[in-house]
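Analysis of the macromolecular model
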Amino acid sequence: MLSRRTLLGAISVTLALGSAPAAFAQSDEIYIPLISKGFQHQFWQAVKSGADQAADELGVRITFEGPDNETMVDRQIDMLAAALANNPSAVGFAALDSQAAIPLLRQASEAGIPIVAFDSGVDSDIPVTTATTDNVAAAALAADKMAEMIGGSGKVAVVAHDQTSRTGIDRRDGFLNRMKSEYPDIEVVSVQYGQGDQLQSTEVAKAILTANPDLNGMFGTNEGSAIGIVNAIRETGTTGLAIIGYDSGKAQTDAIREGLMSGAITQNPVGIGYETVKAAVAALNGETLEPVIDTGFYYYDQSNIDDPEIQAVLYD
């Protein structure tokens, strides 16, 4: 396996020579690699299915890969460098770190390779667009639902997936800011990070429960975080806690049907994948894109989980 330094050097030379656009011009095939934040959650598998659907409809070739877990920023950068070294027509990128990939993305953009951010954007105007959920608004809705469940007062905590990705930051802050601005009688006693891993999030949630026996609610900011909270509830025998999650893999929908989880925000991951590939092709055709493609979100619980509108965006 090539080292990161070798990969970065190779892609720097490739882009400096401008061979990526030339290669595209000489071939009828449009190749679009998508580098995701991971592939361990059902969410990412659903994103891939949407990307595959768009690729089939538009007649382009895609690849979809991500690191083994959502802590592996360096591994993701290696994957991006390797993808760029293969002279892609465009690239889809879901950043684990909103700043770490900017130098590499800038080189690609300057060489004429459109970058489409998906799910989690970068702190830059390099991407031609970002296909994503409005995570600030979605997390604010989660705060509203939590406040309603606990009667507008009490103590709550957050198990977040990270503090480096755009999704991690926006979901955490969307929840915290809504609580601060609208619900002065609710205290957020702890914000901890489980790196999106179920096992790590379980231990984080158990520690929060031990330190705060009078806790009223918990919010998990992604699939792994939310399931970690559910696991902690099961293992500690805690009852009467309002739990709101994010995403809608089978473990979460089962927990909601069982009454262990109060409700959750579901994104539209198939739509995210589909719009990413569609936007990349549009950029290659010289079309102007909006800065953000809002792919939507919904709140679901036992009362509406079987509604057709919700069933269409669950990915279990």
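Residues numbered from 1 in each chain as written. Predicted model: local features only at pLDDT ≥ 70, side-chain atom pairs only at ≥ 80, totals over all residues. Heavy atoms only, no water.

Summed over the entire model, instances satisfying the criterion amount to 14 salt bridges. The partner of Arg171 in a salt bridge is Asp119, and the shortest N-O contact between them spans 3.9 Å. Taken as a pair, Arg171 in helix 7 (residues 166-182) and Asp119 in the loop between strand 4 (115-118) and strand 5 (129-132) lie far apart in primary sequence, 52 residues in all. Judged by its relative accessible area of 3%, Asp119 is buried. When the shortest N-O distance is used, the salt bridge between Glu203 and Lys206 registers 3.7 Å. Of this pair, Glu203 and Lys206 both sit in helix 8 (residues 198-211), 3 residues apart, which is roughly one turn of the helix. Through salt bridges with shared partners, a single network forms among Lys37, Asp119 and Arg171. (Salt bridge = Lys/Arg side-chain N within 4 Å of Asp/Glu carboxyl O. Helix = DSSP H or I, 4+ residues; strand = E, 2+ residues; numbered from the N terminus. Buried < 20%, exposed > 50% of the residue type's maximum accessible area, 1.4 Å probe, protein only.)

Phi at Gln195 is positive, roughly 60 degrees, even though this residue is not glycine. Topologically, Gln195 is positioned in the loop between strand 7 (186-193) and helix 8.

Counting through the fold element by element, Ser98 comes out in the loop between strand 3 (91-93) and helix 5 (102-110). Through-space distance from the C-alpha of Ser98 to that of Ser165 is 5.2 Å; in sequence the pair is 67 residues apart. Those residues in contact with Ser98 that lie beyond four places of it in its chain are Gly121, Val122, Asp123, Thr164, Ser165 and Arg166. (Contact = heavy atoms within 4.5 Å.)

What follows concerns the environment of Gly152. Mapped onto the elements of the fold, Gly152 is located in the loop between helix 6 (135-149) and strand 6 (154-160). Taking relative accessible area as the criterion, Gly152 reaches 23% and is therefore assigned partly exposed. Separated by 30 residues in the primary sequence, Gly152 and Glu182 have C-alpha atoms spaced 9.4 Å apart. Here Gly152 is in contact with Ala147, Asp185 and Ile186, once residues within four sequence places are set aside.

Looking now at the nonpolar core. Within soluble globular proteins, side chains that are nonpolar tend to cluster in buried spots. By size, the foremost hydrophobic cluster in this structure holds 25 residues, and its most contacted members are Ile32, Leu34, Val60, Ile62, Phe118 and Val277. Elements supplying a minimum of two residues to this core: strand 1 (31-35), helix 3 (42-58), strand 2 (61-65), strand 4 and helix 11 (269-284). The contacts of Ile32, once residues within four sequence positions are left out, are Val60, Arg61, Ile62, Thr63, Ala90, Val91, Gly92, Val277, Ala280 and Val281. Formed by 23 residues, the second largest nonpolar core is a distinct cluster that contains Ile208, Leu215, Ala226 and Leu241. (Core = buried A, V, L, I, M, F, W, Y, C linked by side-chain atoms within 4.5 Å.)

Turning next to the pairing of strand 7. The two faces of a sheet get side chains in turn, since along a regular strand they alternate between them. As paired elements, strand 6 and strand 7 share 7 bridges and run parallel to each other. Its bridge partner lying in strand 7, Ala160 is registered against Tyr193. Once you follow strand 6 into helix 7 and on to strand 7, the crossover reads as right-handed. (Pairing = 2+ DSSP bridges. Right-handed = clockwise from strand over helix to strand, strands pointing away.)

Attention now moves to the confidence of the model for the protein chain. Taken over all residues, the pLDDT of the protein chain has a mean of 91, while the share at 70 or more is 91%. Ignoring residues within four places in sequence, the model shows residues 1-26, a span with pLDDT below 50, making 32 contacts including any to other chains. (pLDDT = per-residue confidence, 0-100.)

Let us now look at the packing of helix 6 against helix 7. Helix-helix packing: each pair is described by the crossing angle between the helix axes and the interaxial distance. Packing of helix 6 against helix 7 brings their axes to within 7 Å, and their N-to-C directions diverge by 40 degrees. With respect to their mutual orientation, helix 6 and helix 7 come out oblique. Taken as a pair, helix 6 and helix 7 cross one another with a handedness that is right-handed. Contact with helix 6, carried on its side by Asn135, Val136, Ala139, Ala140, Ala142, Ala143, Asp144, Met146 and Ala147, involves Thr167, Asp170, Arg171, Gly174, Phe175, Arg178 and Met179 of helix 7 and no other residues of that element. (Axes fitted to C-alpha atoms, helices over the stretch in contact; angles between N-to-C directions. Parallel < 35°, antiparallel > 145°, perpendicular 65-115°, else oblique. Left-handed = near helix turned anticlockwise from the far one by under 90°.)

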